[in-house]
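# Notes for the structure review
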Amino acid sequence: MTNAEPTNASSETPQRRGFGVDVGGSGIKGGIVDMDTGQLIGDRVKLPTPQPATPKAVAKTIAAVVKEFDWTGPLGVTYPGVVTHGIVQTAANVDKKWIGSNARDMISSELSGQDVTVLNDADAAGLAEERYGAGRDATGVVVLLTFGTGIGSAVIHNGILLPNTEFGHIEVGGKEAEHRAASSVRDRRGWSFKKWAKQVTKVLIAIENAMSPELFIVGGGVSRKADQWVPLLKNRTPVVAAALQNTAGIVGAAMAATRDVTH
Ligand code: BGC
């Protein structure tokens, strides 16, 4: 219970609150999270992602989102690449200036030294889905994959995250998984869901052959149309659509910041 704040003076059970910021290609979204339910408390705030999305400009926008709430506690922030100890290691689909930058310290210094945790975007979504969403009843290893511009991945076992898996970059049949089956590939080529699902199936089979998860959760914008393509998948592990949709990043980032998960 690191982040207990009473909701009001008379409340007997203090509500555990967290704060998460989800950094996306078009918007930077933040909100206060009820850590017991995984629900947002009040509305989220969304500001446009600055262009070019350099580390400095993005850090300033993140700080602006946090200040809208007067939040002074620890906060979590997502980033679409590998992050270790706050330092960005990869930038597959974002400005290469991010590589090597200390995102944690940069964001923190825009917020007068506030405690910041930075984690991979899919890892955040995976944490949230496993605890509060589509994976909440799973007992074994859960793999979440996000399908968007690239493919993100998260591996969680009983609430513990194995951070920075990058299944979008494994080679499947001689081709990088995200070049084969990201949602952007389907858009670019004008593929039907049937055609795209064949490629997604290949990626899922490669992952299940390596680690036999109990459940796949599929997220990203295209998961809103999951009923049109999930039934076409031919791999053996059950696949379900993400349940939290556009709050998963915020909620998972808040979870990472409250340090009751490994990251
Ligand atoms: C990155 C991952 C990220 C995913 C989704 C991939 O290209 O390498 O780290 O999670 O895109 O944003």
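Since the model is a prediction, treat every value here as computed from it, not as a measurement.

## Side note on the site of the ligand
As a structural note, the neighbourhood of the ligand is formed by Pro80, Gly81, Ala92, Asn93, Asn120, Asp121, Ala122, Ile151, Gly152, Glu166, His169 and Glu178. For the ligand, an oxygen atom lies 2.6 Å from a polar atom in the side chain of Glu166. Within the complex, the protein chains bury 91% of what would otherwise be the 310 Å² of accessible surface of the ligand. When contributions to the shell around the ligand are tallied by element, the ones reaching two or more residues are helix H3 (121–132) and strand E10 (151–157). Residues belonging to the shell around the ligand are distributed by class as follows: 4 nonpolar, 5 polar and 3 charged. When residues are assigned to domains, the shell around the ligand turns out to be shared by domain 1 (17–123 + 248–259) and domain 2 (136–243), each giving three or more.

## Observations concerning the pairing of strand E4 (residues 39–48)
Of the pairings in the sheet, the one linking strand E3 (residues 27–34) to E4 comprises 7 bridges and is antiparallel in character. Of the residues in E4, the one forming a bridge with Asp34 is Gln39.

## Digging into the packing of aromatic side chains
Evaluation of the coordinates by the stated rule reveals 7 aromatic pairs. With centroids separated by 4.7 Å and ring planes inclined at 65°, the aromatic side chains of Trp196 and Trp229 adopt a geometry described as edge-to-face. Residue Trp196 is found in helix H6 (residues 193–211), and its partner Trp229 is found in helix H7 (residues 226–229); the two are separated by 33 residues along the sequence. Both residues of the pair, Trp196 and Trp229, count as buried. An aromatic cluster of three or more residues is present, and its members are Phe147, Phe193, Trp196 and Trp229.

## Structural notes on the domain arrangement of the chain
Size of an interface, as often reported, equals the accessible area lost when the parts are brought together. Split by domain assignment, the chain resolves into domain 1 (17–123 + 248–259) and domain 2 (136–243). Here the C-alpha centroids of domain 1 and domain 2 sit 24 Å apart. Tallying the contact residues gives 9 residues for domain 1 and 14 residues for domain 2. Taken over both partners, the interface formed by domain 1 and domain 2 buries close to 760 Å², and the fraction arising from carbon and sulfur atoms is 49%. Looking only at domain 1, the three residues that lose the most surface to domain 2 are Asn93, Ala122 and Asp123, adding up to 62% of its buried area. Between domain 1 and domain 2 we count 0 salt bridges in total. The tally of links from domain 1 across to domain 2 stands at 2 residue pairs in polar contact (both at pLDDT 80 or more). Mapped onto the side of domain 1 that touches domain 2, the elements with two or more residues apiece are strand E6 (83–84) and H3.

## Digging into unusual backbone geometry
With an omega of 0°, the peptide bond between Gln51 and Pro52 qualifies as cis. Residue placement: Pro52 occurs in the loop between E4 and helix H1 (55–68). In the Ramachandran plot, Ser212 falls in the positive-phi region, its phi being about 40° despite a non-glycine side chain. Structurally, the position occupied by Ser212 is in the loop between H6 and strand E14 (215–219). On the basis of relative accessible area, Ser212 is assigned to the exposed category, the value being 53%.

## Some words on the pairing of E14
E14 sits mainly inside the fold: 5 of its 5 residues count as buried. Residues of E14 alternate between two faces, with Leu215, Ile217 and Gly219 on one and Phe216 and Val218 on the opposite face, all of them buried. Inspection of the sheet shows strand E9 (residues 141–147) paired to E14 by 5 bridges, in the parallel sense. Bridge pairing in E14 links Val142 to Leu215. Sheet topology places E14 next to strand E15 (residues 239–241); 3 bridges connect them, and they run parallel. Following the sheet pairing, Phe216 is matched in E15 by Val239.

## Quick word on the sheet that holds E9
The 5 strands lie next to each other as E11-E10-E9-E14-E15, forming an open sheet whose pairing is mixed. Single-partner strands in this sheet number two, and they are strand E11 (160–162) and E15. Sheet twist, expressed as the mean angle between neighbouring strand axes with direction ignored, is 30°. Sitting on the sheet, H3 is in contact with E9, E10, E11 and E14, with an inclination near 45° to E10. Across the face of the sheet, H6 comes into contact with E9, E10, E14 and E15 while running at roughly 150° to E9.

Rules and cut-offs
Residues numbered from 1 in each chain as written. Predicted model: local features only at pLDDT ≥ 70, side-chain atom pairs only at ≥ 80, totals over all residues. Heavy atoms only, no water. Near = heavy atom within 4 Å. Polar contact = N/O pair within 3.5 Å; in protein donor to acceptor, adjacent residues only side chain to side chain. Areas by Shrake-Rupley, 256 points an atom, 1.4 Å probe, with all protein chains shown as cover. Helix = DSSP H or I, 4+ residues; strand = E, 2+ residues; numbered from the N terminus. Nonpolar A, V, L, I, M, F, W, Y, C, P; charged D, E, K, R; others polar. Domains from an automatic or database assignment. Pairing = 2+ DSSP bridges. Phe/Tyr/Trp six-rings, centres within 6.5 Å; stacked < 30°, edge-to-face > 60°. Buried < 20%, exposed > 50% of the residue type's maximum accessible area, 1.4 Å probe, protein only. Contact = heavy atoms within 4.5 Å. Buried area = accessible area lost by both parts, 1.4 Å probe. Salt bridge = Lys/Arg side-chain N within 4 Å of Asp/Glu carboxyl O. Axes fitted to C-alpha atoms, helices over the stretch in contact; angles between N-to-C directions.

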